Amino acid sequence: MEDKIIQDTVAFVQDKLKNAESGHDWWHILRVWNNTKLILETESADALVCELTALLHDIADSKFHHGDETIGPRIAGEFLSTTGLDPERIEHIQKIILNMSFKASLGEVSFHSKELEIVQDADRLDAIGAIGIARAFNYGGFKNRELYNPQIPVEENLTKEAYKNTQAPTINHFYEKLLLLRDRMNTNTGKRIAAGRHQFMESFLQQFYGEWNGEY
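The model shown is predicted, which means the values in this text are computed figures rather than measured ones. (Residues numbered from 1 in each chain as written. Predicted model: local features only at pLDDT ≥ 70, side-chain atom pairs only at ≥ 80, totals over all residues. Heavy atoms only, no water.)

Engineer: Could you give me a rundown of the pattern of salt bridges, with the residues and numbers involved?
Structural biologist: Evaluation of the coordinates by the stated rule reveals 12 salt bridges. Here Arg 74 ties to Glu 78 by a salt bridge, and the two come within 3.8 Å at their closest N and O atoms. One end of the pair, Arg 74, and the other, Glu 78, are both in helix α4 (residues 71-80), 4 residues apart, so they sit about a helical turn from each other. Using a relative accessible area of 46% as the deciding quantity, one classes Glu 78 as partly exposed. (Salt bridge = Lys/Arg side-chain N within 4 Å of Asp/Glu carboxyl O. Helix = DSSP H or I, 4+ residues; strand = E, 2+ residues; numbered from the N terminus. Buried < 20%, exposed > 50% of the residue type's maximum accessible area, 1.4 Å probe, protein only.)

Right, here's the structure in full:
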């Protein structure tokens, strides 16, 4: 039963995201799913809830739906209700999807669970390191943002609304989100992996500025 639900969910997500922006496409989902399973090796939680949330967490990302943060949980719930999954788990998954993003953490978060911690770490790991760098610049290009502009300062401690509406260059995004994630990991596995990926981003930025300034 559980295997079939996961298989059906994979097929549903692959179909829904077949034309998605490449930083939030099926391959992103697959990486987050794999991260989730890795973290579950050392954490005690409802594995089915974690895996289904990983698969469905970006089924309708609010940034591609005029900022509507309810559409993703709603679509996930509508789909899961056709699979035979019990209503309590469906509601749990919807609550995680609504509260797990970095953007959500900048506002008031009233829901918490071990399963949220796990999938949140899995998703955040895909936002840092080499893939995180690639995704950041891919999305910046998608939004026609500058790579870097020394005249546009980094805004620290952004509010949720300011973060949602920023048009800053991609390099600024490192300081407004990506470099903050290492210290916001919940699980030991997430913290361990994030440490290495964080170091890689710092090395990248050093190289970037050196090349930008013609130093080497």
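Engineer: Tell me about the packing of aromatic side chains, and please be specific about residues and values.
Structural biologist: The full count for this structure, using the stated rule, is 12 aromatic pairs. On the basis of an interplanar angle of 65° and a centroid distance of 5.6 Å, the ring pair of Tyr 148 and Tyr 209 is categorised as edge-to-face. In this pair, Tyr 148 is assigned in the loop between α8 (129-142) and α9 (160-165) and Tyr 209 in helix α11 (residues 188-212), connecting sequence segments 61 residues apart. On the basis of relative accessible area, Tyr 148 is assigned to the buried category, the value being 18%. Between Phe 204 and Phe 208, the ring centres sit 6.0 Å apart and the planes meet at 40°, which makes this aromatic pair tilted. Residue Phe 204 and its partner Phe 208 are both found in helix α11; the two are separated by 4 residues, about one turn of the helix. (Phe/Tyr/Trp six-rings, centres within 6.5 Å; stacked < 30°, edge-to-face > 60°.)

Engineer: Outline the nonpolar core, listing residues and values.
Structural biologist: Grouped together as the largest cluster of nonpolar side chains are 55 residues, with contacts concentrated most on Leu 52, Leu 80, Leu 85, Ile 128 and Phe 174. A per-element tally of this core places helix α3 (residues 47-56) first, with 7 residues. (Core = buried A, V, L, I, M, F, W, Y, C linked by side-chain atoms within 4.5 Å.)

Engineer: An account of the packing of α4 against helix α5 (residues 87-99) is needed here, citing residue identities and associated values.
Structural biologist: Taken N-terminus to C-terminus, the directions of α4 and α5 make an angle of 160°; their axes are 9 Å apart at the nearest point. Here α4 lies roughly antiparallel to α5, going by the angle between them. The hand of the α4/α5 crossing is right-handed. Facing α4, whose interface residues are Gly 72, Pro 73, Arg 74, Ala 76, Gly 77 and Leu 80, α5 presents Ile 90, Ile 93, Gln 94, Ile 97 and Leu 98. Among the residues making up the contact of α4 with α5, the classes are represented as 7 nonpolar, 3 polar and 1 charged. (Axes fitted to C-alpha atoms, helices over the stretch in contact; angles between N-to-C directions. Parallel < 35°, antiparallel > 145°, perpendicular 65-115°, else oblique. Left-handed = near helix turned anticlockwise from the far one by under 90°. Contact = heavy atoms within 4.5 Å. Nonpolar A, V, L, I, M, F, W, Y, C, P; charged D, E, K, R; others polar.)

Engineer: Quick one: what's the story with helix α2 (residues 26-40), residue by residue and with numbers?
Structural biologist: Compared with the 21 Å implied by 1.5 Å per residue over 15 residues, the 21 Å span of α2 between its first and last C-alpha is a close match. Residues Trp 26, His 28, Ile 29, Val 32, Trp 33, Asn 35, Thr 36, Ile 39 and Leu 40 constitute the buried set of α2. Those residues of α2 that are buried are in contact with α1 (2-16), α3, α7 (114-125), α8 and α11. Capping the start of α2, Asp 25 holds a side-chain oxygen 3.2 Å from the backbone nitrogen of Trp 27, two or three residues further along. (Expected span 1.5 Å × (residues − 1). Polar contact = N/O pair within 3.5 Å; in protein donor to acceptor, adjacent residues only side chain to side chain.)

Engineer: Go over the packing of α1 against α3 with me, naming the residues and quoting the values.
Structural biologist: Two elements in contact, α1 and α3, have axes separated by 10 Å at closest approach and are oriented at 10°. In this view, α1 runs roughly parallel relative to α3, as classed from their interaxial angle. For the pair α1 and α3, contact is made by Glu 2, Ile 5, Ile 6, Thr 9, Val 10, Phe 12 and Val 13 and by Leu 48, Glu 51, Leu 52, Leu 55 and Leu 56, respectively. A class-by-class count of the residues in the contact of α1 with α3 yields 9 nonpolar, 1 polar and 2 charged.

Engineer: Can you explain unusual backbone geometry? Please cite residues and give values.
Structural biologist: Here Asn 144, not a glycine, exhibits a phi torsion of approximately 60°, which is positive. Relative to the assigned elements, Asn 144 resides in the loop between α8 and α9. The class for Asn 144 is exposed, based on a relative accessible area of 72%. Residue Asn 157 is not a glycine yet carries a positive backbone phi of 55°. Relative to the helices and strands, Asn 157 is located in the loop between α8 and α9. Note on Asn 157: relative accessible area 76%, which makes it exposed.

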